[in-house]
Amino acid sequence: MIKSKLHLIPKYALMFLIGLATLFGGCAQYDSNTGSDLTGADFRGTLVDTLIPIDSAATMLVGDINKSASAYLILGRQEGMISDIAFRFSNFTRLDNPELLIADGDSTANFDTSYSIDSATWHSATLKLFGNAFIDTSDISPYTPWTADIFRIAKDFDPVTISYSDTTTMSFMLNDTFATAVDTAELEINIPLDSLVFLQMDTTLASMWDTLAFRVRPSADANFLQRYYSRLGGGESRVPVLAVNATFYLTDTTGVQSSVTSTVNIAPTFNSTLANDSFTIPQAGSLTPERLYVSQGYARRMLYRGDFASLVDSMNTINLAELWIVGDSSNTAQFSRTSLFEVYQLKDEWYDDPDSARFGTSSARVYTVRDSIPKIRLDITPLARFWHSYPDSNFGIGVREFVETASLSRRTFYGNASNVPDTLRPWLRIVYTEYKIP
Amino acid sequence: MRRYFGIFVLVVLMSCGFAHGETIFAPGGIGYWDPGINARITALGGAGIAHFDTLYVHSNNPATWRSTGATRFTIGVDIERTSAKSPTGTDNSDEYSFPGATIALPIYKSLGIGLVYQILTDHEYLVLSRSQLQASPNDTVDFYDVVERNDGDGGLSRFGVMTGFGIKKLAIGVGMDVYLGKLDDLWTRSYNDSNIDSSGQVLRREMSGIGFRVGAIYSLNSKINVAGLVELPVSVKADATRRIEGGASFTEEGGMEFTVPLAVTLGATYTKKRWRFLGDVSMRAWENSTRDWGEFDTSRKYTDTFGIAAGIERLPSRGALDPWLQKWMYRAGFHYTQHYLEINDNIVPEIGFSIGFGKPLKTGAGAVDFTFGYTSRGTSAKNNISENIYYFQMGWTTWEKWFVRRER
């Protein structure tokens, strides 16, 4: 006899309904503001949004910084900025390579390694530079001829420390007149052969050439600053070179002699831009509203410090800390305005001597500055939280160009002196949460 | 038991991860006092400490373990829809919860022993509020969205060992309860911008305590029982940790104390033919409870609570030829109680009505009980906050052959 299972239907139907409700129902919670009166005001944090004035602000002068690793060299004078280029040529081994000897007017090399170069008659040595673009086209005088002094500098100069002010090893060589600014796409400077020092002849031509070091300085206000490719940024065809033209005398393996007049390009082993800025920052306390300066090439940095330790209790947490600074976009001291800044933690006191400030860790954030939006918000929340925990480590922040060596530029921001209107001076905005202390 | 093992598992799984429900009155103290009881007792308004029989036990009164004829499991599930209203708005929540379970074992003659798991307090809540923060000083255009969240979790539960025995017309029971619980109060404020760090704090209290209870039931005659139950004060120790999140943080650790106060319940039942009337009156002395919660609870006034529960039950017919509807149990109940915290300087009343029925199981003694109810908590006039709860509760009481009382 088959036992009926109809009596199980209600039970299984109930289980099915409950299971269905579990799968598709779930638990919904209260999730609105209802009942907020009961949650206990004591257990909520109070949000405080406040502005704190900056107690210390200054411009730090760094000066000419090492630009030997830059992709560009800058030459010229404009709006107080002046930029020299320094070279060192010490590797002349290309002069011993017959495969590089291409006859002038010809396009193919006619010699291979079976030939040996016996000697050469030197005809000329020309320093060649290949231009990229002007730094600031807005104020150049395109049709003013310009000149430059060419100096021989000590061949053993330190490439790490050489700067614009390093003039003790310079000796004047010649003054060269160039065309106008619009013609500065390529520069050629003839180096007089009689100014070159040839060493005792050895077994190779390369060893005849002593190390050569030059410095090119515009001698009058050329009203432009031109960017040239450096040995790192020009690729094969646009690196600066010393083009040596000579008649080379060769002998092949069978003893047959031949000659060829050819130009061999020698690449520099070192090149750098050496910059100076004759712009003078107005004295503190002068009538004009105080300004701070940040610049590239001839570097300047801005320093700020605000103390919020007395305001934010150690029990509180900092949600947001921002430094608001206002740019002075109409200031005539601005030159070639760049737009990327970086914020650094400062590691020591600098208030009496801003030039002694020590930069520490970067915020790893880059801030864009636009003339149309002169106010910049610099987020320093992680730093502020660190200072909140360790108030003695608060030496403020430094603002500098993202890449100080990339170009020459100058930008101004309002300072915090008493002659600066409240709406223009820098402010520290702190948003923090207060908790009730049991 | 095996037959219903699947149902048992399903019931436990249906608790949806929450052994507690949610109520707008959960913040404060150790949560809202809302002990879980089985579906039958709920249908009777919560009354029943004076009643004992071979099928049901009352999880609060150990004296009801006296007459267990066989091993009994009671388990249940609670499904609630709650609507809350406050001056800031209205909100709804749906909950599955697991109110508790009991096991009753007959040991020898009238001696019964049992285990109880019961949820006592509900500390679950979630309140969200939204505002805005200016993106820059004096900015009237750009804002950050700010979300503030108050979140509560946990509650207090009780694991009890009950024993009851009878001497003629008197049943006496004692029980030892282990109180365990964890209360979390979390507050956070977050912003819709990754540049702004959120902040928040959490207070966690892990509680434990041991309590005792004594109950007695006296049968005046075959129709009337009277009962009394005393729950002795329980000192609950709490290890408290307070942590502030975001930026500088600290942990405050220390002990806190809380006393679940003395409670006294008096009850009576009257049974005539197939009708049973039950009534309980209870009082708990919350004003005397000591509490050392730090500053987070000082703003609330504790008040003694008073409760009344009344129920009526239609017992099943024993006639073999009676229709199946006559073999079911039907119940209705009413209760009134209060919250132990005053809100808006007024007591928070709770009033509830319930109806239910029980279906005996064909495959042995045991029953499936269903209850539908409505409870109202708080009043808009006096508390500014009120809550309406609609619930369905289901319970199983099973009969097992592990131990069967052999009457001698």
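Bear in mind the structure is a predicted one, so any value in this text is a computation, not a measurement.

Asks: I keep staring at the overall build of chain A and nothing clicks. Help me out?
Replies: A count of helices and strands for chain A gives 2 helices and 22 strands. Taken as a whole, chain A presents about 19800 Å² of accessible surface, with 52% of it coming from carbon and sulfur.

Asks: Please explain the overall build of chain B as it appears in this structure.
Replies: Scanning chain B from terminus to terminus reveals 3 helices and 21 strands. When each of the 408 residues of chain B is scored for burial, the buried share is 54%. Split by element, the accessible area of chain B, about 17300 Å² in all, is 59% carbon and sulfur.

Asks: Which parts of the structure should I look at to understand a negative patch on the surface?
Replies: All names here are of chain A. A cluster of like negative charges, contributed by E349, D352, D353 and D355, occupies part of the molecular surface. Mapped onto the fold, D355 is located in the loop between β17 (340-346) and β18 (359-368). We classify D355 as partly exposed; its relative accessible area is 43%.

Asks: What's the story with the sheet that holds strand β19 (residues 375-379) of chain A in this structure? I'm lost.
Replies: Whenever strands of a sheet pair, they do so through backbone hydrogen bonds, lying parallel or antiparallel. Residues and elements named next belong to chain A. If you trace the 4 strands from one edge of the open sheet to the other, you get β1-β22-β16-β19, paired in antiparallel fashion. On the outer flanks of this sheet lie β1 (46-53) and β19, each paired with one strand and no other. The mean inter-strand angle of the sheet, taken between neighbouring strand axes irrespective of direction, is 20 degrees. Bridge analysis of strand β16 (residues 317-326) against β19 gives 5 bridges, and the strand direction is antiparallel. Bridge pairing links W324 to R377 in β19.

Asks: When you look at the environment of F395 of chain A in this model, what are you seeing that I'm missing?
Replies: Here F395 of chain A lies in the loop between α2 (381-389) and β20 (397-401). Once residues lying within four places of it in the same chain are set aside, the contact partners of F395 of chain A are Y304, R305, L346, K347, D348, E349, W350, Y351 and W387 of chain A.

Asks: I keep staring at the side chain of H388 of chain A and nothing clicks. Help me out?
Replies: For H388 of chain A, the location among the structural elements is in helix α2. Of note is the side chain of H388 of chain A, whose polar atom sits 3.5 Å from the backbone oxygen of N316 of chain A.

Asks: What's the story with unusual backbone geometry in this structure? I'm lost.
Replies: Trans peptide bonds make up the majority, and among non-glycine residues the majority have a negative phi. The phi dihedral of E79 of chain A is positive, around 50 degrees, even though this residue is not glycine. Structurally, the position occupied by E79 of chain A is in the loop between β3 (72-78) and β4 (81-89). On the accessibility criterion, E79 of chain A (28% relative accessible area) is partly exposed. A positive phi angle, near 55 degrees, is found at K168 of chain B, a position not held by glycine.

Asks: Looking at this structure, I do not really get the nonpolar core. What am I missing?
Replies: Most often, soluble globular proteins have nonpolar side chains that are buried together. Residues and elements named next belong to chain A. With 46 residues, the main nonpolar core has F89, F92, L95, W122, W209, L242 and F248 as its most contacted residues. For this core, the element with the most residues is strand β5 (residues 116-134), which contributes 7 residues. Here W122 is in contact with L95, L193, F198, L205, M208, W209, V244, N245, A246 and F248, once residues within four sequence places are set aside. Membership of the second largest hydrophobic core comes to 30 residues, among which are V312, A321, V369 and L428.

Asks: Is there a simple way to think about the packing of aromatic side chains in this case?
Replies: Any aromatic ring pair is given by two values, namely how distant the centres are and how the planes are angled relative to each other. Under the counting rule described, the total for this entry stands at 32 aromatic pairs over all chains. Judged by centre distance (5.1 Å) and plane angle (85 degrees), the ring pair of W146 of chain A and F224 of chain A falls under edge-to-face. Of this pair, W146 of chain A sits in strand β6 (residues 146-153) while F224 of chain A sits in strand β10 (residues 224-229), and the two are 78 residues apart along the sequence. Between W33 of chain B and W286 of chain B, the aromatic rings sit 5.4 Å apart at their centres with planes inclined by 75 degrees, giving edge-to-face as the arrangement. Placement of W33 of chain B in strand β1 (residues 32-33) and of W286 of chain B in the loop between β15 (275-284) and β16 (291-292) is noted, with a sequence separation of 253 residues between them. On the accessibility criterion, W286 of chain B (1% relative accessible area) is buried. Ring pairing ties together the aromatic residues W33, F258, W286, Y302 and Y340 of chain B, which thus form one cluster. The aromatic ring of F157 of chain A is capped on one face by R88 of chain A, whose charged end is 4.3 Å from the ring centroid. Over the ring of F359 of chain A we find R301 of chain A, and its NZ or CZ is 4.5 Å from the ring centre.

Asks: I would appreciate a short explanation of the confidence of the model for chain A in the present structure.
Replies: Do not read the fine detail of predicted coordinates wherever pLDDT is low. In the predicted model, chain A carries a mean pLDDT of 84, and 89% of its residues have values of at least 70. Across chain A, strand β15 (residues 298-305) of chain A holds the top mean pLDDT of 95, while helix α1 (residues 9-24) of chain A sits lowest at 56.

Asks: Explanation requested: the pairing of strand β13 (residues 270-277) of chain A in the structure shown.
Replies: The side chains of a regular strand alternate, residue by residue, between the two faces of the sheet. All names here are of chain A. Buried residues dominate β13, accounting for 7 of its 8 residues. As judged from the 8 bridges shared by β4 and β13, these two strands associate in the antiparallel manner. Note on β13: the bridge partner recorded for M81 is D277.

Asks: What is the right way to look at the confidence of the model for chain B in this model?
Replies: With 86% of its residues at a pLDDT of 70 or more, chain B has an overall mean of 83. Listed scores for the predicted complex are pTM 0.75 and ipTM 0.72.

Asks: Sorry if this is basic, but what is going on with a nonpolar patch on the surface here?
Replies: All names here are of chain B. Together, I107, Y108, L111, I113, L115, V161, F165 and I167 line one region of the surface with nonpolar side chains, adding up to about 670 Å² of accessible area. Looking at the nonpolar patch, the elements that each hand over two or more residues are β4 (100-108), β5 (111-119) and β8 (143-167). Looking at the secondary structure, you find L111 in strand β5.

Asks: What am I meant to see in the pattern of salt bridges here?
Replies: Oppositely charged side chains may form a pair once their charged atoms are brought near each other. All names here are of chain B. With the rule as written, the count across this model stands at 36 salt bridges over all chains. Between E148 and R189 there is a salt bridge, with the nearest N and O atoms lying 3.6 Å from each other. Pair noted here: E148 is in strand β8 and R189 is in strand β9 (residues 170-191), with a separation of 41 residues, a long-range link. With respect to burial, E148 and R189 carry one shared label: buried. Between R158 and D177 there is a salt bridge; the shortest N-O distance is 2.8 Å. With R158 in strand β8 and D177 in strand β9, this residue pair connects regions lying 19 residues apart in the sequence. Assessed through its relative accessible area of 0%, R158 is described here as buried. What you see here is one network of salt bridges that share partners, running through R40, R276, E313, R331 and D369.

Asks: Please clarify how empty space enclosed by the protein should be interpreted in this entry.
Replies: Rolled over the atoms, a probe with the dimensions of a water molecule shows which regions are left empty. Residues and elements named next belong to chain B. For the structure shown, the criterion picks out 5 cavities of 30 Å³ or more. What the second largest cavity holds in volume is close to 120 Å³. Lining the second largest cavity are 18 residues; nearest its centre among them are I37, N38, G100, A101 and T102. Of all elements in the fold, only β2 (70-86), β4, β5 and β21 (386-404) reach the threshold of two or more residues within the lining of the second largest cavity. In terms of residue class, the lining of the second largest cavity is built from 8 nonpolar, 10 polar and no charged.

Asks: I'm lost on α2 of chain A in this one. Help?
Replies: What sets the pattern is the α-helix's 3.6 residues per turn: residues three or four places apart point alike. If you check which residues of α2 of chain A are buried, you get T381, L383, A384, R385, W387 and H388 of chain A. Among the structural elements, β16, β17, β19 and β20 of chain A are those in contact with the buried residues of α2 of chain A.

Asks: What am I meant to see in the side chain of N271 of chain A here?
Replies: All names here are of chain A. On the secondary structure map, N271 appears in strand β13. Residue class for N271 comes out buried when judged on its relative accessible area of 1%. Within the structure, N271 has its side chain in polar contact with the backbone nitrogen of R231 (distance 2.8 Å). Residues within four places of N271 in sequence aside, it is in contact with S68, L73, A86, F87, S230, R231 and P240.

Asks: Help me out: how do you make sense of the environment of R425 of chain A in this one?
Replies: Residue and element names in this part refer to chain A. Among the structural elements, R425 can be located in the loop between β21 (409-414) and β22 (427-434). Taking the relative accessible area as the measure of exposure, R425 reaches 17% and is therefore buried. Between the C-alpha atom of R425 and that of P53, which follows or precedes it by 372 residues, the distance is 8.4 Å. Setting aside anything within four residues of it in sequence, one finds R425 in contact with W324, G415, N416, A417, S418 and V420. Polar side-chain contacts of R425 include one of 2.9 Å to the backbone oxygen of A417.

Cut-offs applied
Residues numbered from 1 in each chain as written. Chains lettered and ligands numbered in written order. Predicted model: local features only at pLDDT ≥ 70, side-chain atom pairs only at ≥ 80, totals over all residues. Heavy atoms only, no water. Helix = DSSP H or I, 4+ residues; strand = E, 2+ residues; numbered from the N terminus. Areas by Shrake-Rupley, 256 points an atom, 1.4 Å probe, with all protein chains shown as cover. Buried < 20%, exposed > 50% of the residue type's maximum accessible area, 1.4 Å probe, protein only. Patch = residues over 30% accessible without salt bridge, like charges linked within 9 Å, V, L, I, M, F, W, Y side chains within 5 Å. Salt bridge = Lys/Arg side-chain N within 4 Å of Asp/Glu carboxyl O. Lys, Arg positive; Asp, Glu negative; His and termini not counted. Charge placed at Lys NZ, Arg CZ, Asp CG, Glu CD. Pairing = 2+ DSSP bridges. Axes fitted to C-alpha atoms, helices over the stretch in contact; angles between N-to-C directions. Contact = heavy atoms within 4.5 Å. Polar contact = N/O pair within 3.5 Å; in protein donor to acceptor, adjacent residues only side chain to side chain. Core = buried A, V, L, I, M, F, W, Y, C linked by side-chain atoms within 4.5 Å. Phe/Tyr/Trp six-rings, centres within 6.5 Å; stacked < 30°, edge-to-face > 60°. Lys NZ or Arg CZ within 6 Å of the ring centre and 35° of its normal. pLDDT = per-residue confidence, 0-100. 1 Å grid on protein atoms, 1.4 Å probe; cavity = no way out; pocket = protein on both sides within 12 Å on 5 of 7 lines; lining within 4 Å. Points joined across faces, edges and corners; volume = space filled by probe spheres on them. Nonpolar A, V, L, I, M, F, W, Y, C, P; charged D, E, K, R; others polar.

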